[in-house]
Amino acid sequence: MAMGTRKGRERQEPLWYQSELPEAPGHPFYQRLNRVLDEEGFDRFCEVRCRRFYHENLGRPSLAPGIYFRLMMIGFFEGLDSERGIGWRVADSLTLRQFLRIGLDERTPDHVTISRTRRLIGAEAHQQVFAWVLKRLARGGLMRGKTIGIDSTTLEANAAMRSIVRRDTQQGYDEYLKRLAQAEGVEASDTAALRRMDRKRPKRMRNEEWVNPADGEAEITRLKDGRTALAYKAEQAVDMETGAIVAVTTHGGAVGDTDSIGETVAEAGIAVAEQAVQSTVNQAGIEEVVADKGYHSNEVIRTLAEWKLRSYVAEPERGARKWKGKAAEQAAVYANRRRVSGARGKRLQAGRGERVERSFAHQFDTGGMDRLYVRGLHNVHKKLLIQAAACNLALLMRSLYGAGKPKAAHDRRAGLVSAILRLHSVLTALCRPVLDFSGVQESKQIRPRRDHSKNQRASNRPI
């Protein structure tokens, strides 16, 4: 498949009167976003980074890399959770056609083309696009890199628990349950008896024993809402001063926070070091790490101290501790405890909700990615990288134009119109008494003087 380019898609203007074709004014947010991407050479950058994934001559021209990454970002800006939904939305919207620069006589990409291009382009190219956006944030003064906050969330995988099988025998759960029933002398054909036995027996769905054949990298875990499901874990490092997402890592759903924080901090350190050429980025790199109590352990606090990082990790209640033979861990934990209980530590812990958790809300709640519709750790990581890149672009757009999403731009314009109308009504209400008073004065000058004596005599006449 040959790579499609933006230059290759340039065509002669159609020989039609402009009034004969349907047209839309376009959303101002997407027009401004295209202006920002064009000024920075986004399409050229994507084509250079993705050229090696395509054949030079063979095959028909495919989806241009710049259009592909725009399509993936539309999922964030429009709150769409799947590539199928993105394809349907683009086919129905003239505004999104203008954003993608797809003519009315051209067919929009369907979900098969989008998913095929995602599988074709490697994760390193998605990482480079994420770094490209991060560089624009650093150039615009929206990245400091001194203090980062770490947090994670679980995302339900595109695999069902009912389809899991044993790793050793490849038996499904129903077959496994019937084998247990036969061992205990329960009639395997009695469905009600099987259900009663299953409710009474202790169940532990271990990832070492069970796997889903459709997605072998998804792991069984407990989600935020209490359900047990196959899931992945997304972990991010966020700049605590600006809210920019510095690094993104992807793990199996059952990986603990204390096991994954090291990789995320290392990725964040590399990203900050790459952007340290900008004057607004801390030249010394990352100096402080903020996290919640789920990341607290002796090994994590000691490792951060060995990396010369000041930790502000909330400590859970563990009671009396025994430190025999753990002098380095004790010193690191006590130092972290002093910092967390201080004024700066309390401010940083309170700021996690504004900086770190808000970025998760933008990506996974309003961004339409609360559930995954792709399979495999590498595909999930690609989706998370572009989702984070779009969130960083929203931060850049908010600093430039005051709105980071199309709906926010619409609400901002609607709020401005309503404010003008309210101001008009207030001014009208303030001016009305003055007009009424002037009218009364003029009427008194024109109206003839009444004779009260005649009125009094008329009132005394008998009826």
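The structure displayed is predicted, hence computed values, not measured ones.

Draft legend 1. Structural context of the overall build of the protein. From N to C terminus, the protein includes 16 helices and 8 strands. Burial statistics for the protein: of 463 residues in total, 45% are counted as buried. Considering only contacts in the protein between residues 6 or more positions apart, those separated by 24 or more positions represent 72%. Split by element, the accessible area of the protein, about 26,000 Å² in all, is 51% carbon and sulfur.

Draft legend 2. Just the nonpolar core, in detail. Core analysis: the biggest nonpolar cluster contains 104 residues, and F69, L71, I74 and F77 have the highest contact counts within it. Ranked by the residues each element gives to this core, the list is headed by helix α14 (residues 377-401), at 13 residues.

Draft legend 3. Region of the structure containing the pattern of salt bridges. Summed over the entire model, instances satisfying the criterion amount to 26 salt bridges. We note a salt bridge from R118 to E83, for which the minimum N-O separation is 2.6 Å. Taken together, the residues span a long stretch of sequence, with R118 in helix α6 (residues 111-120) and E83 in helix α4 (residues 83-92) at a distance of 35 residues. One exposure class covers both R118 and E83, and it is buried. For K233, the salt bridge is made with D257, and the minimal N-O distance between the two is 3.1 Å. Highlighted residues: K233 in strand β5 (residues 228-239) and D257 in helix α10 (residues 257-274), separated in sequence by 24 residues. The class for K233 is buried, based on a relative accessible area of 3%. Connected through salt bridges with shared partners, the residues R166, D168, R206, E208 and E209 form a single ionic network.

Draft legend 4. Fine view of a nonpolar patch on the surface. On the surface, L423, V426, L427 and L430 cluster together into a nonpolar patch covering about 390 Å² of accessible area. Assignment of secondary structure puts L423 in helix α15 (residues 406-446). A residue is classified by how much of its surface remains accessible, and L423, at 51% relative accessible area, is exposed.

Draft legend 5. Spotlight on the packing of helix α3 (residues 65-78) against α4. Following both chains from N to C, one finds α3 and α4 inclined at 90°, their axes separated by 10 Å at the closest point. Regarding the angle of α3 to α4, the classification is roughly perpendicular. Taken together, the residues of α4 that come into contact with α3 (itself represented by L71, M72, I74, G75 and E78) are E83, I86, R89 and V90. For the contact of α3 with α4, the class distribution of residues is 5 nonpolar, 1 polar and 3 charged.

Draft legend 6. Highlighting unusual backbone geometry. The phi angle at R101 is positive, at roughly 60°, despite the residue not being glycine. One non-glycine residue with positive phi stands out, namely Q170, at about 60°. Relative to the assigned elements, Q170 resides in the loop between β2 (165-166) and α8 (173-183). Q170 gets classed as exposed once you look at its relative accessible area, which sits at 51%.

Draft legend 7. View of the state of the cysteines. Applying the stated rule across the entire model yields 0 disulfides. Note on C46: no disulfide assigned, nearest cysteine sulfur contributed by C50 at a separation of 6.1 Å. Given the relative accessible area of 0%, C46 is considered buried. Looking at C50, the relative accessible area reads 1%, which means it is buried.

Calculation rules
- Residues numbered from 1 in each chain as written.
- Predicted model: local features only at pLDDT ≥ 70, side-chain atom pairs only at ≥ 80, totals over all residues.
- Heavy atoms only, no water.
- Helix = DSSP H or I, 4+ residues; strand = E, 2+ residues; numbered from the N terminus.
- Buried < 20%, exposed > 50% of the residue type's maximum accessible area, 1.4 Å probe, protein only.
- Contact = heavy atoms within 4.5 Å.
- Areas by Shrake-Rupley, 256 points an atom, 1.4 Å probe, with all protein chains shown as cover.
- Core = buried A, V, L, I, M, F, W, Y, C linked by side-chain atoms within 4.5 Å.
- Salt bridge = Lys/Arg side-chain N within 4 Å of Asp/Glu carboxyl O.
- Patch = residues over 30% accessible without salt bridge, like charges linked within 9 Å, V, L, I, M, F, W, Y side chains within 5 Å.
- Axes fitted to C-alpha atoms, helices over the stretch in contact; angles between N-to-C directions.
- Parallel < 35°, antiparallel > 145°, perpendicular 65-115°, else oblique.
- Nonpolar A, V, L, I, M, F, W, Y, C, P; charged D, E, K, R; others polar.
- Disulfide = S-S within 2.5 Å.

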